[in-house]
Structures are given as C-alpha cells and as structure tokens.
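Here are the chains, one letter per residue:
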Amino acid sequence: MPQHFEPSKGGNTVQVLQVEQTVQWMDKTNTKIQENKEYLTTLDQAIGDGDHGINISRGFQEVMNKVSGQAYEHVADVMKDVAMTLMSKVGGAAGPLYGTAFLKLSMTFKGQDVDYALFSQGIEDALNGVKQRGKSDTGEKTLVDVWSAVSERLKQEEKFDGSVLEETARTAMENTKDTLATKGRAAYLKERSIGHLDPGSVSSFYLFEAFAEVINEGE
C-alpha cells in the first residue's frame with residue numbers, strides 16, 4: 001500500500017521523510033528552477049556552454065510530469081523516477097550528474113523509512129556518486145561544492161533543520177564565485193572564471209533550498 005501522506009513528527013521536528021514531502025520537494029525545486037531559468041542561462045553563458053538553464057528546467061519539468069499524481073510506496077521509488085527522468089531528459093553534464101545523485105539516493109533509501117540518519121547517508125552516497133561520475137572533487141567550482149557542504153553539515157547535526165541546510169547550501173554556492181574553476185568548460189577560462197557563480201552550484205542551491213522549505217513546513 002502507498003504510504004499515508006501525513007508528515008511523521010516527534011515533538012515539533014520532522015523525524016521521517018514521507019512520500020508526499022518528497023514530491024513537494026521536487027515540485028518546489030521545479031518552481032525555483034523555472035523562475036530562474038534565464039538567470040541560470042546567463043550564469044552559464046559567462047563560464048560554460050550557456051545551456052544549463054534550458055537543460056535543467058526542461059528536466060525538472062519532466063520530473064514533475066512523471067511524479068505528479070503517482071501513488072508511490074516508498075521515497076526511494078520517487079527518487080528512482082526522478083533519476084531516470086533527469087538522465088533521459090537533461091542534456092549536457094547536468095543530466096548524468098543529477099541523475100546519478102538521485103539514483104544513489106534511491107539505492108540508499110530502497111525499502112526503508114527515510115529518517116535523518118538515512119537521509120544523511122543518502123546525501124553522502126549521492127555526493128560520492130557525483131564525484132565519481134564527474135571525476136571531480138570539492139573546491140573545483142562545480143555542484144560538488146554545494147553537495148559536499150550539505151553532506152558535511154548533515155553529519156554534524158542530529159535532526160532535520162531547514163534553516164541550517166538552506167544557510168549551508170547558500171554559503172557554499174556563494175563561495176564558488178571566488179573559486180578558480182579546474183573542471184568542465186569553465187576550467188578553460190582559468191583566472192577569468194573567478195568572479196562568476198558556478199551554475200550547477202546555483203541549481204543545487206535551489207534544490208536544497210526547496211528541501212529546507214519542505215522541512216520547515218513539516219515542523
């Protein structure tokens with residue numbers, strides 16, 4: 001049977017991520033990315049191929065077309081559909097990287113209730129998957145910078161805290177502006193890449209900002 005869609009709480013704190021909250025997470029992410037599609041495109045025109053906004057907005061719209069109205073049993077099932085959709089619908093580097101992240105989440109979450117500890121483990125596994133797929137590491141001005149910062153902060157906390165996650169992701173995103181790119185198209189610009197935000201880090205910020213909002217609403 002599909003999960004009942006009431007948030008699971010202990011006191012005022014969300015204890016277990018529910019299917020409905022996961023779909024809301026994707027919906028909020030899609031809204032943020034659609035609203036900022038042109039901004040993401042502008043960022044990518046400065047240091048990349050100029051297609052990140054177009055590609056990622058198309059991908060997350062397709063994600064919502066896929067997951068809306070579905071009766072999922074587990075959070076992992078949502079993550080798997082998100083992964084498969086992004087891999088098939090998003091061009092450029094973003095599709096494989098985001099797709100890998102959500103595929104790792106689905107594998108870590110498979111058949112289980114997603115409590116804080118499991119979510120933290122899932123983000124770490126997703127980060128490692130993205131690193132391996134992109135042959136990248138922290139500090140190279142890629143989306144890894146945001147995922148890595150969030151993963152490390154999750155390990156330091158003991159419960160879901162939307163404000164902490166949002167602040168962590170925002171700071172990591174903003175820090176990419178002063179980082180020298182050493183991966184991807186931006187690396188060809190060398191010192192000229194400094195002074196520009198990394199587009200993948202910005203879209204990753206929207207993802208975690210959306211998650212933070214879902215957590216805050218569930219408290």
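Our subject is the structure that appears above.
What counts and what doesn't
- Residues numbered from 1 in each chain as written.
- Predicted model: local features only at pLDDT ≥ 70, side-chain atom pairs only at ≥ 80, totals over all residues.
- Heavy atoms only, no water.
- Helix = DSSP H or I, 4+ residues; strand = E, 2+ residues; numbered from the N terminus.
- Axes fitted to C-alpha atoms, helices over the stretch in contact; angles between N-to-C directions.
- Parallel < 35°, antiparallel > 145°, perpendicular 65-115°, else oblique.
- Left-handed = near helix turned anticlockwise from the far one by under 90°.
- Contact = heavy atoms within 4.5 Å.
- Phe/Tyr/Trp six-rings, centres within 6.5 Å; stacked < 30°, edge-to-face > 60°.
- Buried < 20%, exposed > 50% of the residue type's maximum accessible area, 1.4 Å probe, protein only.

Draft legend 1. Structural view of the environment of Val 75. Relative to the assigned elements, Val 75 resides in helix α4 (residues 75-89). For the pair Val 75 and Gln 21, spaced 54 residues apart in sequence, the C-alpha separation works out to 9.0 Å.

Draft legend 2. Structural context of the packing of helix α1 (residues 19-35) against helix α3 (residues 52-67). Where α1 meets α3, the axes come as close as 9 Å, and the angle between the chain directions of the two elements is 150 degrees. For the element pair α1 / α3, the angle class is roughly antiparallel. By crossing handedness, the relation of α1 to α3 is classed as left-handed. Counting all contacts with α1, which are made through Val 23, Met 26, Asp 27, Thr 29, Asn 30, Ile 33 and Gln 34, the residues of α3 involved are Ile 56, Ser 57, Phe 60, Gln 61, Val 63, Met 64 and Val 67.

Draft legend 3. Broad picture of the packing of aromatic side chains. Under the counting rule described, the total for this entry stands at 11 aromatic pairs. Ring centres 6.1 Å apart and planes at 55 degrees place the aromatic pair Trp 25 and Phe 102 in the tilted group. Placement of Trp 25 in helix α1 and of Phe 102 in helix α5 (residues 94-109) is noted, with a sequence separation of 77 residues between them. Of the two residues, Trp 25 and Phe 102, neither departs from the other in class, the shared state being buried. Taken together, the aromatic side chains of Trp 25, Phe 102, Phe 109, Tyr 116, Phe 119, Phe 160 and Phe 211 make up a single cluster linked through ring pairs.

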